[in-house]
Structures are given as structure tokens and as C-alpha cells.
Amino acid sequence: MQDIHNMSQLTSADLELARAFPEGFLWGAATASYQIEGGAFEDGRGSSIWDDFSATPGKVFQGENGNVAADHYHRLAEDTELMSSLGLGAYRFSIAWPRILPEGRGAINNAGLDFYDRLVDGLLAKGITPYVTLYHWDLPSPLQQEGGWVKRETAFAYADFAEVVAKRLGDRVTNWITLNEPWCSAYLGYGIGIHAPGVQDRQAALDAGHHLMLGHGLAVPRIRAHSAPNSQVGITLNLAHVYANDERPETQRDVALADAFSNRWFLDPILRGHYTEGFFEQLGLNAPPVQDGDLATISTPIDFLGVNNYTRLLVKGNTERIPLADQVSLVAPIPSACYTEMGWEVYPNGLRDLLLRLTKDYAVSKLYVTENGAAFKDAWNGNGHVSDPRRVDYLRTHIAGLAEAIQQGAPLRGYFVWSLMDNFEWAEGYSKRFGIVYIDYPTQKRVVKESGYWYAGLLKAFNQAH
Ligand code: NCW
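Residues numbered from 1 in each chain as written. Predicted model: local features only at pLDDT ≥ 70, side-chain atom pairs only at ≥ 80, totals over all residues. Heavy atoms only, no water.

Participant: How should I be thinking about the packing of helix H7 (residues 110-125) against helix H9 (residues 153-169) in this particular structure?
Facilitator: One way to put it is that H7 packs onto H9 with a least axis distance of 10 Å and a crossing angle of 50°. Regarding the angle of H7 to H9, the classification is oblique. H9 is crossed by H7, and the crossing has right-handed handedness. Facing Asn110, Leu113, Asp114, Tyr116, Asp117 and Val120 of H7, the residues of H9 in contact are Val164, Val165, Arg168 and Leu169. Across the contact of H7 with H9, the residue classes break down as six nonpolar, one polar and three charged. (Axes fitted to C-alpha atoms, helices over the stretch in contact; angles between N-to-C directions. Helix = DSSP H or I, 4+ residues; strand = E, 2+ residues; numbered from the N terminus. Parallel < 35°, antiparallel > 145°, perpendicular 65-115°, else oblique. Left-handed = near helix turned anticlockwise from the far one by under 90°. Contact = heavy atoms within 4.5 Å. Nonpolar A, V, L, I, M, F, W, Y, C, P; charged D, E, K, R; others polar.)

Here it is, written out as C-alpha cells:
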């Protein structure tokens, strides 16, 4: 990597921004197993719903899959060195359940555990704190054959899996995230079927969401029991602040509906111990199969909330009819706004407002932004340079929003860029690049983008100021 200091192009405002963060603030980057690892059929790894989904014609852009991805499975040393050269204080990655338990439950594949063992040791040797996500969407296929998250048993299988991992890594890993974006697993996977396993049944989504939360609640004490006493266990939700386009009463009503669906579906049970009043009716669905004690399990106190945020929602009330909670009208496109390649509006104040809302309404004691970033069309000119000024601007403005949120009282402890490197963007295949490091897939060469240099410069300035 070229000299960070020369490449980072920090402005004096950036230096001031770095100084605005409190001592101990954690700066990191995030990835997920299926999106980067490759090595899909190696060392006893079983199959996951994403192997199956991507092998189904028409499901993923150009029929692409994660068989090779960024080949991280074979490039651990190079990639941890890269993280170190960027000056990351933390790295968030996920564990591929089918590498550990190829059948989803039962026999343990030690070679799978060995891989994450090496990763954790490599990070710690470089002074990088591991943040381990136990589920980032790669459910073992045998469990899906039994119904997947729609079935209650999957929650118990997940908690067993979490315990197996904690037993192996818990002597060194002290920061755990049970699930990544269960809203996506439930709604995109079982509701509208644009993600694995590709089921299109909104009631199944509601039921799957309940069992995901149950699995989370069951896993929390079992992770704590097998990791160091100071361990921190949390969950990561995808959240978006909801704004009203106008002041009409139907807009206010639809803002509440959109918030219930996009945010409170998971926030309320986990942090308040109950589903949002009227939520199932607002979806036109039956209640999920809640058993006695489930909500107490689901609301087991956590140590932090992880927030993934990319955009905001701008709602325009529907005058003709009361929409179902997942069919509220959003305003798009806004002529003056910028959109990323995902079609998501760039709205930095949305992250600030979201963090402040969580602080106010949910009294969370500790927050992390576990993902934030942007996909843009990046091009590599072959000589070590990738210019991505829009991503630099995205990061700069969102990080400035974090500083404001902290000043206004949000208990924010860290920030993870999505993503450390370009990767397999689920149904979008390799067409969307989120990395601060460019991957040239034919050669697997890693090229730090301008945004990577900028981020490294910010971290260096932060460290110098503290
Ligand atoms: S797709 C998605 N992502 C991206 C993915 O790469 C990562 O693994 C996820 O954690 C970037 O961050 C998350 N999130 C989905 C957000 C909601 C999409 C809403 C679609 C409505 C139809």
C-alpha cells in the first residue's frame, strides 16, 4: 500500500472531524462470510441457502455466486495485513454456519473452526479487535429443507451453533453480534423472495422474524457463558429514519406505518419485550406463533445495539386507502438528491437522526454503527489507483453526522465501514461495489481506493489527536 499520509488528502475540516470523536472510539470495517470468503466447497464446508439460491437460474444477477468471491479464505494473511496498514482498530466479520456444522446441527467440522481461529489470532496479533457476527444469512441447507426460519426448531439449532463457536473462540473474542439484519432474512428471504431462500409468503416472513429473534434471545446467555466475563453481546438491525414528505394527516399515519414495519418490527420485541401494538393487523397478517416466555427470551438484555444504516425513508401519505405497513408510498426519486448504485438516497442527516431517536425512544446504553457505506461504479485504471470521490464524500458526511449525534448525547462507541473490500452483493452479484478496497476479480488483486486512503488518514489523525 502506498504511503497513507500522502494519499489520504484530508482537509483541515477532516482533521477537526477526527478530533471531535472521544478517546476510545472504535474505527473498523465490516464484511460477511458468503460475500468474501469463497472456498465454498473446501475443508468440509456444507452447503447454505445462498449456494442453493445462487445456483437457481434467474435469482442472482448474471447467475453469479460466492464460490470464489474475494477468495478471502485463501488470503487471510494478505487481508489482515491490509487491515493493519489501513490502521483499523476493529474488524467485523461473520462465521459461516455451514463451515462449522455442515448439517446445520450435530457433527462439528473442526477445520471450519480452525479457519476462524487463525483469523482471530491474526487480528489480535495486529492489535485489531474482532467483532464476530454469528449469522449473516448463510443458513445451512439441511435446515432450510426442514422449513428454515419458519420453523421454531431452527432457533434452537442456531443457539447450539452459537455455543459451539463461543466455546472455541470465546477465550479471545469478547464482542459478539448474534444476527445481522434479521429484517432482511425474514422479509427479503421469506416474504418477497428476492434473497435466499426465495420464499414469497408474507406470513412466513412474520413467523421467520419471530424465530430469528427467538434464536437471538436463546443464544445471548449461551455466548456469555463461554466467553470472557467482560464480553459484550448485541444484535445488528438494519434501520432507517422515517421522515414525512408533508404535514397531511395521512402522511403522519403512513410515517408511523413505515416506521413500524422498517424499524419497530425488531426493535420493539428486542428492546421493549413486546410487538408494536396493532402491527400484525397493519400487515394484514396473523400473529406469529408466539409461545409463553418467548418475548422474555427475545428481550434478554443486550450490551449494545448494532445499527446498519445506508439511507432514509421519505413517506408520502396515501389518500385513497390505508396501505398495509409494507406498502407505504415512498417519495422517489427526488430530483435534487443523490442516489447510490443500489438506488438508495444519500442523506447523511438520516444516520444522525436515527442514532438520536434510538437514544431517546429506546434508552439503549451503547450503540455501534456496524455498517454504513455506499456502492458506486468504481473503475480501476490498472496502475494502483481507484478514484471514488463520491464514496469519500459519503463517508465524510455520515461520519460528521456521528460526531453531531455523540455531541447531542448518543452513546455511540464505534463505526464500521461497509465494506472493507468489494464483494458478492447478494442478488446483485458482483455488479455493486461497496468496498474501500477494490477487488480485481480476475486476478484477486486488492487495490486501496481513494476512500480507503481517506479513511486511513482519518484514523491516523484520530490516533494522533488522542
Ligand atoms: S442488501 C443490504 N446490505 C448490503 C449487504 O452487502 C450487507 O451484507 C447487508 O448487511 C449492504 O448492507 C446490508 N441490506 C438490505 C437493506 C434493505 C434493503 C431494502 C430492500 C427493500 C425491497
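Next, the rest of the story.
Participant: So what exactly am I meant to see when it comes to the site of the ligand here?
Facilitator: The environment of the ligand is made up of 13 residues, and the closest members are Gln35, His136, Tyr310, Glu371 and Glu425. Interatomic distance of 3.3 Å between a side-chain N/O atom of Trp418 and an oxygen atom of the ligand. Burial of the ligand by the protein chains amounts to 80% of its free accessible area of 550 Å². For the shell around the ligand, the class distribution of residues is six nonpolar, four polar and three charged. (Near = heavy atom within 4 Å. Polar contact = N/O pair within 3.5 Å; in protein donor to acceptor, adjacent residues only side chain to side chain. Areas by Shrake-Rupley, 256 points an atom, 1.4 Å probe, with all protein chains shown as cover.)

Participant: Help me out: how do you make sense of the pairing of strand S10 (residues 412-418) in this one?
Facilitator: In regular strands, side chains alternate between the two faces of the sheet. Within S10, six of the seven residues are buried, which leaves it mostly tucked inside the rest of the structure. Here five bridges tie strand S1 (residues 26-30) to S10, and the two strands are oriented parallel to one another. Directly across from Leu26, in S10, lies its bridge partner Gly414. Inspection of the sheet shows strand S9 (residues 367-371) paired to S10 by three bridges, in the parallel sense. Bridging across to S10, Leu367 finds its partner in Leu412. (Buried < 20%, exposed > 50% of the residue type's maximum accessible area, 1.4 Å probe, protein only. Pairing = 2+ DSSP bridges.)

Participant: So what exactly am I meant to see when it comes to helix H15 (residues 349-362) here?
Facilitator: At 3.6 residues per turn, the α-helix brings residues three or four places apart onto the same side. Over its 14 residues, H15 extends 19 Å from the first C-alpha to the last, a length consistent with the 20 Å expected when each residue adds 1.5 Å. Within H15, 10 of the 14 residues are buried, which leaves the element mostly enclosed by the surrounding structure. Every buried residue of H15 is listed here: Gly350, Leu351, Arg352, Asp353, Leu354, Leu355, Leu356, Arg357, Leu358 and Tyr362. Buried residues along H15 sit in contact with strand S6 (242-244), helix H12 (249-272), strand S7 (304-308), S9, helix H16 (389-407) and S10. (Expected span 1.5 Å × (residues − 1).)

Participant: For this particular structure, what's the right way to read the side chain of Ser54?
Facilitator: Structurally, the position occupied by Ser54 is in helix H4 (residues 49-54). We classify Ser54 as buried; its relative accessible area is 6%. With near-sequence residues (within four places) excluded, Ser54 lies in contact with Tyr34, Val60, Gly63, Glu64 and Asn65.

Participant: Is there a simple way to think about the packing of helix H2 (residues 12-19) against helix H17 (residues 450-465) in this case?
Facilitator: The relative placement of two packed helices is expressed as an angle between their axes plus a distance between the axes. As a packed pair, H2 and H17 sit with axes 8 Å apart at the nearest point and diverge in direction by 55°. Relative to H17, H2 is oriented oblique. For the pair H2 and H17, the sense of crossing is right-handed. Side by side, H2 and H17 meet where Asp14, Leu15, Leu17, Ala18 and Arg19 of the first sit next to Trp454, Leu458, Ala461, Phe462 and Ala465 of the second. Of the residues in the contact of H2 with H17, the class split is eight nonpolar, no polar and two charged.

Participant: It is not clear to me how the sheet that holds strand S2 (residues 90-94) should be interpreted in this structure. Could you clarify?
Facilitator: Strand pairing in a sheet is mediated by backbone hydrogen bonds. Such pairs are either parallel or antiparallel. Pairing within the closed barrel is parallel, and its eight strands lie in the order S1-S2-S3-S4-S5-S7-S9-S10. In this sheet, neighbouring strand axes are inclined to one another by 25° on average, regardless of whether the strands run parallel or antiparallel. Looking at chain direction, strand S3 (residues 129-133) and strand S4 (residues 175-180) are connected through two bridges and run parallel. Paired with Thr133 across the bridge in S4 is Ile177. Lying on the sheet, helix H11 (residues 202-225) is in contact with S4 and strand S5 (232-238); it crosses S4 at an angle near 165°.

Participant: Teacher, can you tell me more about unusual backbone geometry here?
Facilitator: Across residues other than glycine, the phi torsion is negative in most instances, and most of the peptide bonds are trans. Along the chain, Ala196 connects to Pro197 via a cis peptide bond; the corresponding omega equals 5°. Here Pro197 is to be found in the loop between helix H10 (182-191) and H11. With an omega dihedral of 15°, the bond running from Trp418 to Ser419 counts as a cis peptide bond. Here Ser419 is to be found in the loop between S10 and strand S11 (437-440). Non-glycine residue Asp43 carries a positive phi angle of around 50°. Of note, Ala69 is a non-glycine position whose phi angle comes to about 50°, a positive value. By the element assignment, Ala69 lies in the loop between H4 and helix H5 (76-86).

Participant: Would you mind showing me how to read the pattern of salt bridges here?
Facilitator: If charged atoms from side chains of opposite charge come close, those side chains can pair. The final tally for this structure, using the stated rule, is 38 salt bridges. Glu341 is paired through a salt bridge with Lys377; the nearest N and O atoms lie 3.2 Å apart. Of this pair, Glu341 sits in the loop between strand S8 (313-315) and H15 while Lys377 sits in the loop between S9 and H16, and the two are 36 residues apart along the sequence. The class for Glu341 is partly exposed, based on a relative accessible area of 31%. For Asp388, the salt bridge goes to Arg391, with nearest N and O atoms at 2.7 Å. (Salt bridge = Lys/Arg side-chain N within 4 Å of Asp/Glu carboxyl O.)

Everything listed here is a matter of geometry and, on its own, says nothing about what the molecule does.
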